[in-house]
Amino acid sequence: MITHGKNIKIFTGNSHPALAQEIADIIGVPLGKSKVSTFSDGEISVDIDETVRGADVFVVQSTSSPVNNNLMELLIMIDAFKRASAGRITVVMPYYGYARQDRKVKSRDPITAKLVADLLTAAGAHRVLTMDLHASQIQGYFNIPVDHLLGSPILSNYFVEKGLEDVEDVVVVSPDLGSVTRARKFADRLHAPIAIIDKRRPKANVSEIMNIIGDIEGKQCILIDDMIDTAGTIANAANALMELGATKVYACCTHGVLSGPAFERINNSAIEELVMLNTVKLPEGNDLTKFKSISVAPLFAEAIQRIYDDEPISKLFES
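Residues numbered from 1 in each chain as written. Predicted model: local features only at pLDDT ≥ 70, side-chain atom pairs only at ≥ 80, totals over all residues. Heavy atoms only, no water.

With that settled, the discussion passes to the environment of Asp 147. Checked against the element boundaries, Asp 147 lands in strand β7 (residues 146-149). Overall, the relative accessible area of 6% leaves Asp 147 in the buried class. Between the alpha carbons of Asp 147 and Thr 130 there is a distance of 6.3 Å; along the sequence they are 17 residues apart. A distance of 2.8 Å separates a polar atom in the side chain of Asp 147 from a polar atom in the side chain of Arg 127. (Helix = DSSP H or I, 4+ residues; strand = E, 2+ residues; numbered from the N terminus. Buried < 20%, exposed > 50% of the residue type's maximum accessible area, 1.4 Å probe, protein only. Polar contact = N/O pair within 3.5 Å; in protein donor to acceptor, adjacent residues only side chain to side chain.)

In structure tokens form, the structure reads like this:
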């Protein structure tokens, strides 16, 4: 499997060690020896307990909740590898936090997606591997290579295996206008039509369903989005679809951020099943009856192996 002289080493922070371990197991290498802890005042301490000189280092870390801690862990780990003379440092971010502010929508807005890109580059990252950025143009915020994997094929394969391909009463629903392209590609895989929910958002994390464009009466609906945070949008959408005549509503997303009242909203909504990828570690102690998690480890493992072997990974971008 190893085709050239450099060693491949995979390390993880505290955001999702189980995913990093799964990726390492698939590739066939041990997870790197490191420890990320905090001093009594909250400062982050990083100890790398093995040599990385000249190695091809991959750091697996989603910048999910607690976002600031996980981001600082990642930056400090990158700095440690750079100062330890790592040959190349690839940041593997299954979930890229701070991506929702990708442009100025009103005066004096920050562009946090660009700020995080600058921080990663300044820390010493040579490459970024991520999945389903909130806005694909974020790739252009970097002056280093960015490999952008897509979660939609994994999600659509699940529904194909569930028997919802080429079924007349299935419709794929976009929860807002911004997700129409994603919904259309997803629908193409299932050979299904699409519908669009036109909504108004009065303020952050609050959405109001306004109108549904398309035929959903008597249909099994599949809502698809890139991420679900407080679940207000997806829960309201599912309830509105059922009120307007849908027979069943499934939901799926790449990133199950699921903060605040998300679990309660999903469990109390009309959603039959919520299918997510495991880019973000789910908090413990919640009722997961309606939740289905699918691992992204095989896809990331193949991408990492191809990057290490200097092979093209363009086929992994296919949607």
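Let us look at the pairing of strand β3 (residues 44-48). Each regular strand carries side chains that alternate between the two faces of the sheet. Note: strand β2 (residues 34-38) against β3, five bridges, orientation antiparallel. For Lys 35, the partnering residue across the bridge sits in β3 and is Asp 47. From the end of β2 to the start of β3, which pair antiparallel, there are five residues, and Gly 42 there has a positive phi angle of about 100°. (Pairing = 2+ DSSP bridges.)

Once that is clear, we can look at the UniProt feature "binding site: D-ribose 5-phosphate" (unreviewed entry) in the protein chain. The positions that UniProt labels "binding site: D-ribose 5-phosphate" (unreviewed entry) are, in the present scheme, Arg 201, Asp 225, Asp 229, Thr 230, Ala 231, Gly 232 and Thr 233. Within the element layout of this structure, Asp 225 appears in strand β11 (residues 220-228). Of the residues examined, Asp 225 reaches a relative accessible area of 10% and is grouped as buried. Sequence-distant contacts of Asp 225, defined by excluding residues within four places in its chain, comprise Pro 175, Asp 176, Ser 179, Arg 182, Cys 252, Cys 253 and Thr 254. In this structure the side chain of Asp 225 is engaged in a polar contact, spanning 3.2 Å, whose partner is the side chain of Ser 179. Here Thr 233 shows up in helix α6 (residues 232-243). (UniProt positions renumbered as here; feature names shortened; annotations may be inferred. Contact = heavy atoms within 4.5 Å.)

Let us now look at the nonpolar core. Counting residues in hydrophobic clusters, the biggest one holds 43 residues, and the most contacted among them are Ile 23, Phe 159, Phe 186 and Ile 222. Sort the elements by how many residues they give to this core and helix α8 (residues 297-308) lands first, with eight residues. Of the domains in this structure, domain 1 (7-149 + 297-317) and domain 2 (152-288) are the two that each give at least three residues to this core. Discounting chain neighbours no more than four positions away, the residues touching Phe 186 are Ser 152, Leu 155, Ser 156, Phe 159, Val 172, Ile 222, Ile 224 and Cys 252. (Core = buried A, V, L, I, M, F, W, Y, C linked by side-chain atoms within 4.5 Å. Domains from an automatic or database assignment.)

Let us look at the packing of helix α2 (residues 67-83) against helix α3 (residues 112-123). A pair of packed helices can be characterised by two numbers: the angle between their axes and the separation between those axes. Where α2 meets α3, the closest approach of the two axes is 8 Å, and the angle between their N-to-C directions is 25°. Of the possible angle classes, the one that applies to α2 and α3 is roughly parallel. Seen from α2, the contacting residues are Leu 71, Leu 74, Leu 75, Ile 78, Asp 79 and Lys 82; seen from α3, they are Val 116, Leu 119, Leu 120, Ala 122 and Ala 123. Considered class by class, the residues forming the contact of α2 with α3 number nine nonpolar, no polar and two charged. (Axes fitted to C-alpha atoms, helices over the stretch in contact; angles between N-to-C directions. Parallel < 35°, antiparallel > 145°, perpendicular 65-115°, else oblique. Nonpolar A, V, L, I, M, F, W, Y, C, P; charged D, E, K, R; others polar.)

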